[in-house]
Amino acid sequence: MLFDIKEAMREIKRGTAEIIDEERIEKLLKNFLETGENYTVKAGFDPTAPDLHLGHTVLIQKLALFQQYGGIVQFLIGDFTGMIGDPTGKNETRKKLDRETVEKNAQSYKEQVFKILDPKKTEVVFNSTWLDKLGAAGLVELTTTFNVARMLERDDFDKRYKSQTAISISEFLYPLLQGYDSVALKSDIELGGTDQKFNLLMGRTLQRTYNTGKEQAVLMMPLLEGLDGVNKMSKSLNNYIGVTEEPNTMFGKVLSASDELMWRYYDLLSTRSIAEIEDLKSEVATGSMHPKAVKEHLACEIIERFHSQEDALKAKEEFDRVHKQSEIPSDIKEYALEGPLWIAKALVDAKISPSTSQSRRDIKQGAVKINQEKISDEQLQLQTGEYILQVGKRKFAKVKVS
RNA sequence: GGUGAGUUACUCAAGCGGCCAAAGAGGGCAGACUGUAAAUCUGCUGGUUUUUACCUUCGAAGGUUCGAAUCCUUCACUCACCA
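Anyway, here's the lowdown on the structure attached to this text. All residue numbers refer to position in the chain's written sequence, counted from 1. Each chain is given a letter, starting from A, and each ligand a number, starting from 1, according to the order in which they appear as written. Local features are withheld for residues below a pLDDT of 70 in this predicted model, meaning they are given only at 70 or higher, and side-chain atom pairs are given and counted only at 80 or more; totals for whole chains, interfaces and linings count all residues. Note that the side-chain values use all heavy atoms of the structure and ignore hydrogens as well as water.

### A closer look at the overall build of chain A
Where we set the bar: The way it works is that DSSP assigns letters per residue, a run of H or I at least four long becomes a helix, a run of E at least two long becomes a strand, and they are numbered from the N terminus. Here the term buried applies to any residue with accessible area under 20% of the maximum for its type, exposed to any over 50%, and partly exposed to those in between, with areas from a 1.4 Å probe on protein chains only. Residues are treated as being in contact if the distance between any of their heavy atoms lies within 4.5 Å. Under the convention used here, a 1.4 Å probe and the Shrake-Rupley method define accessible areas, while residue burial counts only the protein chains that appear. We score Asp and Glu as negative and Lys and Arg as positive, and we do not count His or the chain ends. All charge positions are set by atom: Lys at NZ, Arg at CZ, Asp at CG, Glu at CD.
Scanning chain A for helices and strands turns up 16 helices and 13 strands. The dimensions of chain A, computed from C-alpha atoms along their principal axes, are 80 × 50 × 40 Å. Classification of the 402 residues of chain A by burial places 49% in the buried group. Long-range contacts, defined as pairs at least 24 residues apart, comprise 69% of the intrachain contacts of chain A with a sequence gap of at least 6. Roughly 20,400 Å² of accessible area belongs to chain A as shown, and the carbon and sulfur atoms make up 49% of that amount. One finds the centroid of the 56 positive side-chain charges in chain A at a distance of 3 Å from the centroid of its 62 negative side-chain charges.

Here is the structure:
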């Protein structure tokens, strides 16, 4: 497998927030080219039930990129550290998951992650494997390698310390243990989010302290913005695209991103080369290509990755049919209801309106359609029969009134 | 431990006895316009077929009052300053 180092480095650097020890990465690539010797790329994940969205896949795709250039991915599931809880978050102490649950979650990780990663070049590892063995003595030894003052350099510790918010001792252990993972795994490179900087550097420090003969390079990826273009992608903000979502949903969500955000997504999510993306940009700039078409390509690429090419094409056709020809989607939810039924109630029963009050408002605004006909009578009763109900442009339901 | 300030709808934030389902902003939903969006303009944004009405909601529980988000008491939590 041959590749151009400069080109490879450009792709590796693409979209990254920060790289520490870039020369090391270049050396590893060069060495691989010359001797065929692989190197390891570590990334850690929570042991909780994975429900990945595109924000997570930014990092995973970067891992996949390294696999093209001789990297062996160490996909670390933090089943031990998981019970401490990363202090970056809300500082809740979590329960240790039992073996069975961890295994189950790991399996589900594999299903989602191997759509991007090459399983042949991936080792799935659990940090309880070595951390369980570390024991009290080993743990104490680990703590002697670091002092409190340096620990407090970490931004959020610093803030919490100064504002006298509680910091549990166990939280100090988190970075140490995560760093120790790098010692145990002898990782050459570690990937993580920008919020993980302190922990990632800890791995580097500890590798030196423990004389592993390695000092991992660190590559940090930014947090991907969600569909609103402002906040980070997250499920709770409902601005995410989940990797297990339906093709039609994915397509609609990608298309609903703004033009500006689309380019950000290209940079971080597309496997197209930098040059290809530049071409697309200039074609849009000169008007020879419509931004919508570019967005459609991206949507299809993402759907192909998690579903199939066929699904992508279907999703596109479906989207055009609904939005261009304003026809009705091909498969909509069906509800059997008893009539006669007040229209406002029917919308609630068909789950396309949260309350009858909301239904009334929507009807007043002309947002409600029955069989494609706009209605204005909020007292309307549905008699026996089949109806296609619609609220706004997106919410459809078929009801059978009996 | 002491003193002071605060807790209002999805979020921030006004209100300080009746005109309060509660200003304003953001977010969200919808309509127009589009390329599907974004931007812009407009409307809506607790619930209930009594819809110029009724019911529930202003940290929790009691109380005063014809009437409380607003006053009083207790409790819980958050924050600031002091120790």
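### Here we look at a negative patch on the surface
Let me state the cut-off plainly: For patch detection, residues must exceed 30% relative accessible area and be free of salt bridges, and they are connected within 9 Å for like charges or within 5 Å for nonpolar side chains (Val, Leu, Ile, Met, Phe, Trp, Tyr). A side-chain nitrogen of Lys or Arg and a carboxyl oxygen of Asp or Glu constitute a salt bridge if their distance falls within 4 Å.
A contiguous patch of negative charge, built from Asp-267, Glu-276, Glu-278, Asp-279 and Glu-283, is present on the exposed surface. The greatest single-element share of the negative patch, amounting to four residues, is contributed by helix 12 (residues 274–286). When you line up the elements, Asp-267 lands in helix 11 (residues 259–269). With relative accessibility at 31%, the residue Asp-267 sits in the partly exposed group.

### Comments concerning the packing of aromatic side chains
Pairs of aromatic rings are described using the distance from one ring centre to the other and the angle between the two planes. What counts is decided by this rule: Side-chain rings of Phe, Tyr and Trp (the six-membered ring for Trp) are treated as a pair once their centres are within 6.5 Å; stacked means planes under 30 degrees apart, edge-to-face means over 60, and tilted covers the remaining angles.
All told, the structure shown has eight aromatic pairs when counted by the stated rule. Measuring from centroid to centroid gives 5.2 Å for Phe-251 and Phe-319, while their planes differ by 50°, and the two rings are tilted. Of this pair, Phe-251 sits in helix 10 (residues 247–255) while Phe-319 is found in helix 14 (residues 309–323), placing the two residues 68 residues apart along the sequence. As far as the burial class goes, Phe-251 and Phe-319 line up, both buried. Note on Trp-263 and Tyr-266: the rings are 5.6 Å apart at their centroids and 35° apart in plane angle, and the pair reads as tilted. Placement of both Trp-263 and Tyr-266 in helix 11 is noted, with a separation of three residues, approximately one turn of the helix. Look at Tyr-266 and you get buried, because its relative accessible area is 0%.

### Structural notes on the sheet that holds strand 5 (residues 189–193)
In a beta sheet, neighbouring strands pair by backbone hydrogen bonds and run either parallel or antiparallel. Applicable threshold: In this description, strands pair whenever DSSP reports at least two bridges between them. Geometry is summarised by axes, namely lines fitted to C-alpha atoms with helices restricted to the contacting stretch, and by angles between N-to-C directions that run from 0 to 180 degrees.
Spatially, 1-6-5-2-3-4 is the arrangement adopted by the six strands of the open sheet, whose pairing is mixed. Only two strands of the sheet have a single neighbouring strand rather than two, namely strand 1 (18–20) and strand 4 (122–126). In this sheet, neighbouring strand axes are inclined to one another by 20° on average, regardless of whether the strands run parallel or antiparallel. Set on the sheet, helix 8 (residues 169–185) makes contact with strand 2 (39–45), strand 3 (71–77), strand 4 and strand 5; between it and strand 2 the angle comes to about 150°.

### Regarding the layout of surface pockets
Using a probe with the size of a water molecule, rolled over the atoms, empty space left in the structure can be pinpointed. Applied cut-off: In this analysis the probe radius is 1.4 Å and the grid spacing 1 Å, with only protein atoms considered; a cavity is a set of points the probe fits into but cannot get out of, a pocket is an open set with protein on both sides within 12 Å along at least five of seven lines, and lining residues have an atom within 4 Å of a point. Grid points are joined across faces, edges and corners, and a volume is the space filled by probe spheres set on the points. Three categories are distinguished: nonpolar for Ala, Val, Leu, Ile, Met, Phe, Trp, Tyr, Cys and Pro, charged for Asp, Glu, Lys and Arg, and polar for the others, with Gly belonging to the last.
Empty space within the second largest pocket amounts to approximately 950 Å³. Around the second largest pocket sit 25 residues that line it, and Asn-248, Thr-249, Pro-329, Arg-394 and Phe-396 are the ones nearest its centre. Listed by contribution, the elements that provide at least two residues to the lining of the second largest pocket are helix 10, helix 14 and strand 13 (395–401). Considering each element in turn, the lining of the second largest pocket owes the most residues, six residues, to helix 10. Classifying every residue of the lining of the second largest pocket by side-chain character gives eleven nonpolar, five polar and nine charged.

### A look at the protein's contact with RNA strand B
For clarity, the threshold we go by: In these notes, residues near a molecule or strand are those with any non-hydrogen atom within 4 Å of it. N or O atoms closer than or at 3.5 Å make up a polar contact, with two conditions inside protein: a donor-capable atom paired with an acceptor-capable one, and, for residues adjacent in sequence, both atoms drawn from side chains.
Taken together, the neighbourhood of RNA strand B is formed by 23 residues, with Leu-255, Asp-259, Thr-356, Gln-379 and Gln-381 sitting nearest. For RNA strand B, the backbone portion of the atoms within 4 Å of the protein, that is sugar and phosphate, comes to 47%. Contact between RNA strand B and Lys-295: a base oxygen at 2.9 Å from a side-chain N or O atom of the residue. Arg-360 places a side-chain nitrogen or oxygen 3.3 Å from a base nitrogen of RNA strand B. When residues in the surface near RNA strand B are grouped by element, the largest group, four residues, is from helix 16 (residues 356–364).

### Section: the pattern of salt bridges
It is possible for side chains of opposite charge to pair when their charged atoms get near one another. Applying the stated criterion across every chain yields a total of 22 salt bridges. Taking the shortest distance from any N to any O, the salt bridge between Glu-301 and Arg-305 comes out at 2.9 Å. Residue Glu-301 and its partner Arg-305 are both found in helix 13 (residues 291–306); the two are separated by four residues, about one turn of the helix.

### What to know about helix 9 (residues 197–209)
Using the following cut-off: The span one expects for a helix is its residue count, reduced by one, times 1.5 Å.
The end-to-end C-alpha distance of helix 9 is 18 Å, a good match for the 18 Å that 13 residues give at a rise of 1.5 Å each. Within helix 9, burial applies to Phe-198, Asn-199, Leu-200, Met-202, Gly-203, Arg-204, Leu-206 and Gln-207. Among the residues trailing helix 9, Asn-211 stands out with phi positive, at a value near 50°.

### Here we look at unusual backbone geometry
Comment: phi is negative for the bulk of residues other than glycine, and the bulk of peptide bonds are trans. Phi at Lys-186 is positive, roughly 50°, even though this residue is not glycine. Checked against the element boundaries, Lys-186 lands in the loop between helix 8 and strand 5. By relative accessible area, Lys-186 is classed as partly exposed at 45%.

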